[in-house]
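Each chain, written out:
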Amino acid sequence: MAPKSSDSQQSLLQSEPTNGSIDPAFHLIRILPYSFLRAPRLRLKLPSLSLPSPMTVFSLVLLTYFMVVSGIVYDVIVEPPGIGSTQDPVTGTVRPIVFMSGRVNGQYIIEGLSSGFMFVLGGVGIILLDLALDKNRAKSVKVSYASAGVSSIVLAYVMSMLFIRIKIPAYLR
């Protein structure tokens, strides 16, 4: 599309009324109050938002990760019970159960929270292993970080596999 010439733009500006009306009463109502009234000079401070610290961002991301892997969306939509129960056939007593055994796509609230905690524990273990690689730390601190990281990862893996074996009895056998 070719640009319009300046003559056509000027004729367009002249055809549009700028005052809106040629009525003198309208002109007085529109102009008169502003001839002696002025807008106040306000000295308002704009709110300044500072960036959150890196630790705050990390905490929010870790909390969000925990909630997502714990199945909080499933818990809100389906509203499962916090913990299940079963009746012992011999004694007739009611025993609490934490895992919905045999149902892969269902969970109790405590089951999701405990599994999510194990996933977060494994992630924290990886972070501790990364901190153990820092060259500016003392050797004892690096050994502490490394041992805590390895033990966190091993514990999270073993417990997650135990949870899976409870959830699916014939898994990897």
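Residues numbered from 1 in each chain as written. Predicted model: local features only at pLDDT ≥ 70, side-chain atom pairs only at ≥ 80, totals over all residues. Heavy atoms only, no water.

Inclusion rule: UniProt positions are given in the numbering used here, feature names are shortened, and annotations may be inferred rather than shown by experiment.
Named according to an unreviewed UniProt entry, the protein is Oligosaccharyltransferase complex subunit originating from Linum tenue. Looking at the protein in UniProt, the text filed under Subcellular location (unreviewed entry) is "Membrane". What UniProt states about the protein under its Sequence similarities (unreviewed entry) heading is, verbatim, "Belongs to the OSTC family."

**Remarks on helix α3 (residues 54-70)**
Counting along an α-helix, one turn takes 3.6 residues, and residues three or four places apart therefore face a common direction. Test applied: For the purposes of this entry, the term helix denotes a DSSP run of H or I that reaches at least four residues, the term strand denotes a run of E that reaches at least two, and both are numbered from the N terminus. Given a helix with a known number of residues, its expected span is that number minus one, times 1.5 Å.
Its 17 residues give α3 an end-to-end C-alpha distance of 24 Å, which sits within 8% of 24 Å, the value for a rise of 1.5 Å per residue. Trailing α3 by a residue or two, Gly71 shows a phi angle of about 85°, which is positive.

**Observations concerning unusual backbone geometry**
To keep things clear, this is the line we draw: Buried residues are those whose accessible area, probed at 1.4 Å on protein chains only, stays under 20% of the maximum for their type, while exposed residues exceed 50% and partly exposed ones sit between those limits.
A positive phi angle, close to 55°, is found at Glu79, a residue other than glycine. For Glu79, a relative accessible area of 63% translates into the label exposed.

**A look at the side chain of Gln107**
Stated precisely, the cut-off is as follows: The term polar contact refers here to a pair of N or O atoms within 3.5 Å; inside protein, the definition further demands a hydrogen-donor-capable atom paired with an acceptor-capable atom, and it admits residues adjacent in sequence only when both atoms are side-chain atoms. Only heavy atoms enter the contact rule, under which two residues are in contact if any of them lie within 4.5 Å.
Residue placement: Gln107 occurs in the loop between β2 (94-97) and α5 (109-131). Within the structure, the side chain of Gln107 is placed 3.1 Å from the backbone oxygen of Ser70, a separation counted as a polar contact. Within the structure, the side chain of Gln107 is placed 3.3 Å from the side chain of Asp75, a separation counted as a polar contact. Ignoring sequence-local partners within four residues, the contact set of Gln107 consists of Ser70, Gly71, Tyr74, Asp75, Pro80, Met100, Gly112 and Lys167.

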